[in-house]
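Fold and geometry: a report
The residues making up each chain are set out below.
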Amino acid sequence: MTGAPLLQVEHLTMRFGGLVAINDVSFAAQSGQITAVIGPNGAGKTTVFNCLTGFYKPTVGRLTLTRPGGHKALLLERLDDFRITRHAGVARTFQNIRLFAGMSVLENLLVAQHNRLMLASGYSLLGLVGWPGYGHAERDAVEKARFWLDRTRLLARADEPAGSLPYGDQRRLEIARAMCTDPALLCLDEPAAGLNPRESAELNALLLYIRDESKAGILLIEHDMSVVMGISDHIVVLDYGRKIAEGDPAEIRANPDVIRAYLGEPEPDEVAS
Ligand SMILES: Nc1ncnc2c1ncn2[C@@H]1O[C@H](COP(=O)(O)OP(=O)(O)OP(=O)(O)O)[C@@H](O)[C@H]1O
């Protein structure tokens, strides 16, 4: 791997009063790779995401994002959440689904591209006078939305209210919405929560497609080990706010500290298989 990593987290610490939610955590995530952040409940995983996406300002630490292609490195801890999405290209999904339930599936994906459309419209004025650039931008936005609806198998439901979709479809729609912003870094907070085994397997295929085709870096918080061990290139393990291990899936599965804190001993039939 040459050049700076896509994301470099250095000495991240987040305190809430006397509680240290993240304690001096450092790791890196690369473009075109899936990096999982795992650990027991309350280990600090979502707090890492909240620091990366500007929801919290870290107490200490540096979060450097370097988009591929010669872009300038950006220090995320100094940007507000709007700029983190727009300039740094960081998109996220949430543990609890946050779609616009009353809008159609397609409209949810167009709203995600609102910034680009507003820019093309000259913040409304050029759009109002019928500047052709706005029409092109609008067509591109619809095309991009349809592309990701197709990839997430939601094209047939484009006109249905997002809130009426089954749970697994809403989870995929959230990912489609994030992808419509062309992220350099896609942060997914428990995307497999509540999915059945077939849907989890489909999610794996979708995330591998995103990794390989869009070249975005994926940062994944997940408790479903069939997803984490099946698709991660690199795994970071947190426990009580500290990093206790990092490595590839085989290394993490065999790490005694991780087994003690989180994974537990494998069942005898798992060892045999
Ligand atoms: N805004 C906040 N104010 C106070 N404490 C907080 C806040 N946000 C998180 N915490 C605390 O920080 C710690 C880490 O929480 P966090 O949600 O990051 O854990 P997690 O690893 O994502 O857990 P889970 O797997 O259950 O989602 C917990 O003790 C939590 O109660």
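You'll find the structure just up there.
On a predicted model such as this, the values are computed, not experimentally measured, just so you know. (Residues numbered from 1 in each chain as written. Predicted model: local features only at pLDDT ≥ 70, side-chain atom pairs only at ≥ 80, totals over all residues.)

Time to look at the overall build of the chain. Along the backbone of the chain there are twelve helices and ten strands. Here the chain, with 273 residues, has 38% of them falling under the buried criterion. Partitioning the contacts of the chain with sequence separation of at least 6, the portion at a separation of at least 24 is 67%. (Helix = DSSP H or I, 4+ residues; strand = E, 2+ residues; numbered from the N terminus. Buried ≥ 20, exposed ≤ 12 C-beta atoms within 10 Å, placed from the backbone. Contact = placed C-beta atoms within 7 Å.)

A word on the sheet that holds strand β4 (residues 60–65). Taken in spatial order, the four strands line up as β2-β1-β4-β5 in an open sheet, and their pairing is antiparallel. Whereas interior strands pair on both sides, the edge strands pair on one side only; in this sheet they are β2 (19–29) and β5 (74–75). For strand β1 (residues 7–16) and β2, the ladder comprises seven bridges, and the chain directions are antiparallel. What sits directly across from Met14, in β2, is Ile22. (Pairing = 2+ DSSP bridges.)

On the basis of which strands lie adjacent, the open sheet formed by six strands has the order β6-β7-β8-β3-β9-β10 and mixed pairing. Since the sheet does not close on itself, it has two edges, and those belong to β6 (90–92) and β10 (242–247), each with one partner. Pairwise comparison of adjacent strand axes, ignoring direction, gives a mean angle of 20 degrees for this sheet. Alignment of strand β7 (residues 185–189) against strand β8 (residues 217–221), held across five bridges, turns out to be parallel. Each bridged residue has a counterpart across the sheet, and for Cys187 the counterpart in β8 is Leu219. The strands touched by helix α8 (residues 197–214) are β3 (34–38), β7 and β8; relative to β8, the strand with the most contacts, the crossing angle is about 150 degrees. (Axes fitted to C-alpha atoms, helices over the stretch in contact; angles between N-to-C directions.)

Attention shifts here to the site of the ligand. Around the ligand sit Phe16, Leu19, Ala21, Gly39, Asn41, Gly42, Ala43, Gly44, Lys45, Thr46 and Thr47, and those are all the residues in its vicinity. Those elements giving two or more residues to the shell around the ligand turn out to be β2 and α1 (45–52). For the shell around the ligand, the element with the highest residue contribution is α1, accounting for three residues. Residue composition of the shell around the ligand, grouped by class: four nonpolar, six polar and one charged. (Near = placed C-beta within 6 Å. Nonpolar A, V, L, I, M, F, W, Y, C, P; charged D, E, K, R; others polar.)

Further remarks concern the environment of Ile235. With respect to the helices and strands, the residue Ile235 is situated in strand β9 (residues 234–239). Given 24 C-beta atoms within a 10 Å radius, Ile235 is considered buried. Ile235 has contacts with Ala36, Ile38, Val228, Glu246, Gly247, Pro249 and Ile252, leaving out every residue within four places of it along the chain.

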